[in-house]
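Chains, contacts and geometry: an overview
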Amino acid sequence: MSKKVVSVWTSIPFWRRSAAWVTGFASILLIWLTFDSMGQISMGTDEDLKAGVTKRVPGPTVINYKITYEMDTKRGHEVPVIGEKEKFFGRDDWSEEEARELLHLGKLGSQAKNCMNCHTLLGNGAYYAPDLTKSWLDPAWGPNGPYLGMTNSATKEEAMSKFLQNPSQYPTHQRMMPNLGITEKEAMGLVAFLKHMSSIDTNGFPRNFGRMSSDGVTGAIHGK
């Protein structure tokens, strides 16, 4: 009597072996991706910045440098570019310890004041107010924007700090930012936090940040 031919597609041992191989491969791939991601998102150092080494998350002393965005044709979107030294609140020599402390204060401030109840930061938060991931780059805070004159400030960081401390004094949009009782020191930390955030290579996110300032305000703190 001849043996009955069983199709491999109905063979239980075949599917068990296949499942084991797929699970093993997926586990190895996941481990590799985890280590690769950790390396990509690890914060750089002051030495990296001085040596011109590009990190997706630059070191805290990036606040000592000018930050711009330029189109990368290979990647198909704009990427952050760390330029020459630039004074930040009158200094361009913030040490790594000082800058890290300032960023930590800003991060804690953004959490304590519940910024993400209205805003989005690095893809997390609400959409009632604009995404703040690249707010430091908004032209509204630049030399040709309205905020320097409105806040009677000489620099972008000074204008942002004054706004955060007394937002009700500077009308921007129908969705006015409430006065959250932010102190001068807290505002300084928040501005440092926002500047550092703008230096992070977010792989093109948010895609439309360059159009957020169509009315000179919307990409900054409040708007559409």
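It should be noted that the structure appears before, not after, this text.
For clarity, every value in this text was computed on a predicted model and none was experimentally measured. (Residues numbered from 1 in each chain as written. Predicted model: local features only at pLDDT ≥ 70, side-chain atom pairs only at ≥ 80, totals over all residues. Heavy atoms only, no water.)

A word on the nonpolar core. Within the largest apolar cluster, 34 residues are counted, with the highest numbers of intra-cluster contacts made by I63, F88, W94, L102 and L164. Put simply, the parts of the chain that give this core at least two residues each are β1 (65-72), α3 (96-112), α4 (147-150), α5 (156-165) and α6 (184-198). With eight residues, the top contributor of residues to this core is α6. The contact partners of W94, leaving out residues within four places of it in the chain, are T61, I63, N64, F88, F89, A99, L102 and M188. (Core = buried A, V, L, I, M, F, W, Y, C linked by side-chain atoms within 4.5 Å. Buried < 20%, exposed > 50% of the residue type's maximum accessible area, 1.4 Å probe, protein only. Helix = DSSP H or I, 4+ residues; strand = E, 2+ residues; numbered from the N terminus. Contact = heavy atoms within 4.5 Å.)

Judged from the seven bridges that link them, β1 and strand β2 (residues 77-85) form a sheet pairing that is antiparallel. Considered in β2, the bridge of M71 is made with E78. Where β1 folds back on β2, the antiparallel hairpin that results is connected by four residues, among which G76 adopts a positive phi of roughly 80°. (Pairing = 2+ DSSP bridges.)

Our focus in this paragraph is the packing of α5 against α6. Running from amino to carboxyl end, α5 crosses α6 at an angle of 125°, the nearest separation of the two axes being 9 Å. It follows that α5 is oblique to α6 by the angle criterion. For the element pair α5 and α6, the recorded crossing hand is right-handed. Side by side, α5 and α6 meet where E157, M160, S161, L164 and Q165 of the first sit next to E184, A187, M188, L190, V191 and L194 of the second. Among the residues making up the contact of α5 with α6, the classes are represented as seven nonpolar, two polar and two charged. (Axes fitted to C-alpha atoms, helices over the stretch in contact; angles between N-to-C directions. Parallel < 35°, antiparallel > 145°, perpendicular 65-115°, else oblique. Left-handed = near helix turned anticlockwise from the far one by under 90°. Nonpolar A, V, L, I, M, F, W, Y, C, P; charged D, E, K, R; others polar.)

Once that is clear, we can look at α6. Over its 15 residues, α6 extends 21 Å from the first C-alpha to the last, a length consistent with the 21 Å expected when each residue adds 1.5 Å. Among the 15 residues that make up α6, twelve are buried, leaving the element largely enclosed by the rest of the structure. Residues of α6 that are buried: A187, M188, G189, L190, V191, A192, F193, L194, K195, H196, M197 and S198. As for α6, its buried residues are in contact with β1, β2, α3, β3 (120-121) and α5. (Expected span 1.5 Å × (residues − 1).)

By themselves, these figures tell us nothing about what the structure is for.
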